[in-house]
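# Examining the three-dimensional arrangement
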Amino acid sequence: MASATESERPQLKLYQFAASGNSRIVRLVLEEKHLPFDRVNIDVTKGENRTPEFLKLNPRGKVPVLVHSTVSGDVVLSESSVINEYLEEVFPNPPLMPKAPAQRAHVRALVHLFDTELSPTTGLLIIEKLLKKPEEQRADFVAERQKATREILARVVEMMSDGPFLAGDFSLADASYIPVLSVMAPCGIILDREFPKLGRWLAEVKKRPSFTASAH
Ligand SMILES: N[C@@H](CCC(=O)N[C@@H](CS)C(=O)NCC(=O)O)C(=O)O
């Protein structure tokens, strides 16, 4: 279905935190697919992700969690990239994965690079630069994380198609990178200057309605 009408409105509930980049990765895909969803806000700064109720949904105590209520019961999923693959399978239109197996593998390789390297490396840089007061920020730590981030971004650029998106048409890969790459400037990494291809990519994804709709 291209977009859900009221009669076939899917029962999707997203346990999320507005400021969480990983929650936004899923919100981006829900918006791109025009899927209505209910939000349950879990304030991780207040430990709401550690309550017994939430730990039943995700024993790792992390947002996002998606609950899809179906005739056969609730499907409870965590991990943004797993949730997004599920959404792509269950709600295939509009598609956010290419058709050819090699291109699909390429999208997954980009998502894997994000999940295993960029997210853990740069997540801590973002916390240091955006959440801590300037006087609390550790200059050595910031410099080391910026260097590691730049190394990973250089690899992303090598893997990028000719554009405007990361891998052909807008895909699950773009959704994974948007939240982190849209806050590189306050982290001291200027994409337009250092990674112009990514700067152009960011300008392009910002034009999509999903960028604004998913922001909070
Ligand atoms: N790889 C996971 C990461 C999830 C994650 O780290 N979520 C953060 C918010 S962005 C969280 O819930 N942190 C709370 C905590 O670890 O206590 C994903 O992609 O969903």
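What comes next concerns the included structure. (Residues numbered from 1 in each chain as written. Predicted model: local features only at pLDDT ≥ 70, side-chain atom pairs only at ≥ 80, totals over all residues. Heavy atoms only, no water.)

## A word on the site of the ligand
- Every residue lining the ligand is accounted for by Ser 20, Asn 22, Asn 49, Arg 50, Lys 62, Val 63, Pro 64, Glu 79 and Ser 80.
- Contact distances for the ligand include 3.0 Å between an oxygen atom and a side-chain N or O atom of Asn 49.
- Relative to its unbound accessible surface of 520 Å², the ligand loses 74% to contact with the protein.
- Here the shell around the ligand is composed, by residue class, of two nonpolar, four polar and three charged. (Near = heavy atom within 4 Å. Polar contact = N/O pair within 3.5 Å; in protein donor to acceptor, adjacent residues only side chain to side chain. Areas by Shrake-Rupley, 256 points an atom, 1.4 Å probe, with all protein chains shown as cover. Nonpolar A, V, L, I, M, F, W, Y, C, P; charged D, E, K, R; others polar.)

## Quick notes on the pattern of salt bridges
- In this structure the tally under the stated criterion is 12 salt bridges.
- For Glu 204, the salt bridge goes to Lys 207, with nearest N and O atoms at 3.1 Å.
- Overall, Glu 204 belongs to the partly exposed group, its relative accessible area being 25%.
- Given the relative accessible area of 61%, Lys 207 is considered exposed.
- What emerges from the salt-bridge pattern is a single network uniting Glu 128, Lys 132 and Arg 138. (Salt bridge = Lys/Arg side-chain N within 4 Å of Asp/Glu carboxyl O. Buried < 20%, exposed > 50% of the residue type's maximum accessible area, 1.4 Å probe, protein only.)

## Digging into the sheet that holds strand E1 (residues 11–16)
- With respect to topology, four strands assemble into an open sheet ordered E2-E1-E3-E4, the strand pairing being mixed. The outermost strands of the open sheet, each flanked by one partner alone, are strand E2 (38–41) and strand E4 (73–78). Here the average twist between neighbouring strands, direction ignored, is 20°.
- Helix H1 (residues 21–32) rests against E1 and E2 of the sheet, and its axis sits at about 155° to E1. (Pairing = 2+ DSSP bridges. Helix = DSSP H or I, 4+ residues; strand = E, 2+ residues; numbered from the N terminus. Axes fitted to C-alpha atoms, helices over the stretch in contact; angles between N-to-C directions. Contact = heavy atoms within 4.5 Å.)

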